[in-house]
Amino acid sequence: MEDAIEPEPVLLSKHAKNLLRFLHLLPARMASHDNTRSTIVFFAVCGLDVLNSLHLIPPKLREDIINWTYGGLVAPRENEKRCGGFMGCRAMVPKTDDSEILECIRKYQWGHLAMTYTSVAVLATLGDDFSRLDRKSIVDGVAAVQKPEGSFSASINGSEDDMRFVYCAATICHMLDYWGDVNKETMFQFIMQSLRYDYGFSQEFEGEAHGGTTFCALAALQLSGQLHRLDDNTKERIKRWLVFRQMDGFQGRPNKPVDTCYSFWIGAALCILDGFELTDYPKNREYILSTQDKLVGGFAKWPQATPDPFHTYLGLCGLSFTGEPGLSAVQPSLNMSMAAYAHLQHLHELWRNNSDLAHLKLGSKGSTANATQTTTTSSSPLISAQ
């Protein structure tokens, strides 16, 4: 009898070291991502969390990451647009005491939904108590970018509006346990009008069904407490579309190549619908590991391609869904570890049990009826402000 072939191991320690490096230095090839550094920090920190390796971040570096994250927080004044949230980089936070320059630059400071989502998620993962957040200001910024048809723009000026930012809006409101003036009904209508004939969701009206936006749609419905509004027949047809995206790994659309990141997008969507067990675990694992860099760690989108933090993190999450030893469980709809989610739930409980609205930082203006529904600069050496 031939010896059984041992399955290829997941190089956990190499992946941890790979992600840790991105918290210190960005390679030249990633210079174009300078304005979205918050997302890179998200992939690195949350990836280390899934690897059960947050202990590799020393206390001082952890403090630096938290302070750097808060350095991108935008808190609008009374006479300014409702644009609260987090920026993706610090290019709009100049190191100067010149009041004229500072006043001019404020016109270009506004929150971005994707950067706000990733920033709040990083704070939760690192165990921050959110005491420096004005939850009402941030959710006011979310409501301000909602379109009449229910979708959301990324920011107050000059941005696309589509399902990606519907998802980001839902994650922000859910994590902050406050929906404010966000219209969940029109959001639901936008999502349902994006359900295509084949039962995947498109990025916008009349678009093609896509695995990433199908995840965004389902997660937004779950986070806003509206997943139950899908009837059983619709859920089963969505599951069928999702299951059919598996070749060995998963593809994002029919007739497209498989890609490591869809092991999360498709896998998490199926988890939300309680259908992940319908997939072929060994084939999924085999594909993800075919993109593993055995020298420096990390996963790529395709075999022989260059690994990056995005595919590394989502590849780890995809493996976590299959029960890969050594990996932490992942909360699918928020795309963070169950440990970070437990910390969020603890904060929610504290907020709900505290009747002091000043402490809750929901402000004295506007309605707080939905409160119980489910600027500083940093001198951190982590990532320079300029």
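Residues numbered from 1 in each chain as written. Predicted model: local features only at pLDDT ≥ 70, side-chain atom pairs only at ≥ 80, totals over all residues. Heavy atoms only, no water.

Peer 1: In this structure, what is going on with the overall build of the chain? I would like to understand it.
Peer 2: For the chain, the count of helices and strands is 15 helices and six strands. The C-alpha radius of gyration of the chain comes to 21 Å, within 12% of the 21 Å expected for a compact globule of 386 residues. For the chain, with 386 residues in total, the buried portion stands at 56%. (Helix = DSSP H or I, 4+ residues; strand = E, 2+ residues; numbered from the N terminus. Rg over C-alpha atoms; globule rule 2.2 N^0.38 Å. Buried < 20%, exposed > 50% of the residue type's maximum accessible area, 1.4 Å probe, protein only.)

Peer 1: Any chance you could explain the nonpolar core here in plain terms?
Peer 2: If you look at soluble globular proteins, the nonpolar side chains tend to sit buried side by side. One finds Ile57, Phe130, Phe152, Phe215 and Leu218 to be the most contacted residues of the largest nonpolar core, which totals 107 residues. In terms of residue count, the dominant contributor to this core is helix H7 (residues 163-176) (11 residues). Setting aside residues up to four positions removed in sequence, Phe152 forms contacts with Leu113, Val142, Val145, Gln146, Glu160, Asp161, Asp162, Phe165, Val166, Ala169, Val182 and Met187. (Core = buried A, V, L, I, M, F, W, Y, C linked by side-chain atoms within 4.5 Å. Contact = heavy atoms within 4.5 Å.)

Peer 1: Explanation requested: the packing of helix H6 (residues 135-144) against H7 in the structure shown.
Peer 2: Working note: a packed helix pair is described by the angle between its axes plus the distance between those axes. At their nearest, the axes of H6 and H7 sit 10 Å apart, and the two run at 160° to each other. Taken together, the axis directions place H6 and H7 in an arrangement best described as roughly antiparallel. Two packed elements cross with a definite hand, and for H6 against H7 that hand is left-handed. Residue-level inspection shows Arg135, Ile138, Val139 and Val142 of H6 in contact with H7, the latter providing Ala169, Ile172, Cys173 and Leu176. Looking at side-chain class alone, the contact of H6 with H7 contains seven nonpolar, no polar and one charged residues. (Axes fitted to C-alpha atoms, helices over the stretch in contact; angles between N-to-C directions. Parallel < 35°, antiparallel > 145°, perpendicular 65-115°, else oblique. Left-handed = near helix turned anticlockwise from the far one by under 90°. Nonpolar A, V, L, I, M, F, W, Y, C, P; charged D, E, K, R; others polar.)

Peer 1: Honestly, the environment of Glu208 in this entry has me stumped. Any pointers?
Peer 2: For Glu208, the location among the structural elements is in the loop between helix H8 (184-193) and helix H9 (211-223). Along the sequence, Glu208 and Leu195 sit 13 residues apart, while their C-alpha atoms lie 9.5 Å from each other. Ignoring any residue separated from it by four or fewer positions in sequence, one finds Glu208 in contact with Arg196, Phe201, Ser202, Gln203 and Arg253. A polar contact is formed between the side chain of Glu208 and the side chain of Arg253, at a distance of 3.1 Å. (Polar contact = N/O pair within 3.5 Å; in protein donor to acceptor, adjacent residues only side chain to side chain.)

Peer 1: Looking at this structure, how should I read the pattern of salt bridges?
Peer 2: This model, assessed by the stated rule, comprises 18 salt bridges. Among the ionic pairs, Arg77 bridges to Glu103, the shortest N-O distance being 2.6 Å. You can see Arg77 sitting in the loop between strand E1 (73-74) and strand E2 (85-86) and its partner Glu103 sitting in helix H4 (residues 99-105), a full 26 residues away along the chain. Arg77 sits in the partly exposed class, given a relative accessible area of 36%. Lys301 is paired through a salt bridge with Asp259; the nearest N and O atoms lie 3.6 Å apart. Here Lys301, found in the loop between helix H12 (281-290) and helix H13 (309-321), pairs with Asp259, found in the loop between helix H10 (232-243) and helix H11 (262-272); they are 42 residues apart in sequence, far enough to count as distant. A relative accessible area of 28% places Lys301 in the partly exposed class. When salt bridges that share partners are traced, they join Arg77, Glu80, Glu103 and Arg106 into one network. (Salt bridge = Lys/Arg side-chain N within 4 Å of Asp/Glu carboxyl O.)

Peer 1: What am I meant to see in the environment of Gly85 here?
Peer 2: Within the element layout of this structure, Gly85 appears in strand E2. If sequence neighbours within four positions are ignored, Gly85 has contacts with Gly72, Leu73, Val74, Gly111, Thr116 and Ile138.

Peer 1: Which parts of the structure should I look at to understand H11?
Peer 2: Along an α-helix, a turn takes 3.6 residues, which lines up residues three or four apart on a common side. Within H11, 10 of the 11 residues are buried, which leaves it mostly tucked inside the rest of the structure. Residues Tyr262, Ser263, Phe264, Trp265, Ile266, Gly267, Ala268, Ala269, Leu270 and Ile272 constitute the buried set of H11. Its buried side turned inward, H11 meets H9, H10, H12 and H13. Of the residues flanking the end of H11, it is Asp274, one or two places downstream, whose phi is positive at about 55°.

Peer 1: I keep staring at the side chain of Lys239 and nothing clicks. Help me out?
Peer 2: Tracing the backbone through its elements, the reader meets Lys239 in helix H10. Of note is the side chain of Lys239, whose polar atom sits 3.2 Å from the side chain of Glu236. Within polar-contact distance, the side chain of Lys239 engages the backbone oxygen of Leu273 at 3.3 Å. The residues touching Lys239, leaving out its near neighbours within four places in the chain, are Leu270, Leu273, Asp274, Gly275 and Leu278.

Peer 1: Mind showing me how you'd approach H12 here?
Peer 2: Buried within H12 we find Asn284, Arg285, Tyr287, Ile288 and Leu289. If you follow the buried residues of H12, they end up packed against H11 and H13. The backbone nitrogen of Lys283 has a side-chain oxygen 3.1 Å away, supplied by the residue at the start of H12, namely Asp280.

Peer 1: I would appreciate a short explanation of the state of the cysteines in the present structure.
Peer 2: A disulfide bridge is the covalent bond that connects two cysteines by way of their sulfur atoms. Evaluated as defined, the whole model comprises zero disulfides. No disulfide involves Cys83; its sulfur sits 15 Å from the nearest other cysteine sulfur, which is in Cys104. (Disulfide = S-S within 2.5 Å.)

Peer 1: Would you mind going over the confidence of the model for the chain with me for this structure?
Peer 2: Close inspection of predicted coordinates is inappropriate in any region flagged by low pLDDT. Taken over all residues, the pLDDT of the chain has a mean of 90, while the share at 70 or more is 91%. Every residue in residues 363-386 is under pLDDT 50, and counting partners more than four places away or in other chains gives 57 contacts. (pLDDT = per-residue confidence, 0-100.)

Peer 1: Would you mind going over the environment of Val243 with me for this structure?
Peer 2: Relative to the helices and strands, Val243 is located in helix H10. Note: C-alpha distance between Val243 and Leu278 (35 residues apart in sequence) is 7.0 Å. Once you skip the residues sitting within four places of it in the chain, Val243 turns out to touch Leu270 and Leu278.

Peer 1: Just checking my understanding: could you explain the side chain of His311 for this structure?
Peer 2: The topology assignment puts His311 in helix H13. You can call His311 buried: its relative accessible area is 7%. Those residues in contact with His311 that sit more than four places away from it in its chain are Asp259, Thr260, Cys261, Phe299, Ala300 and Lys301.

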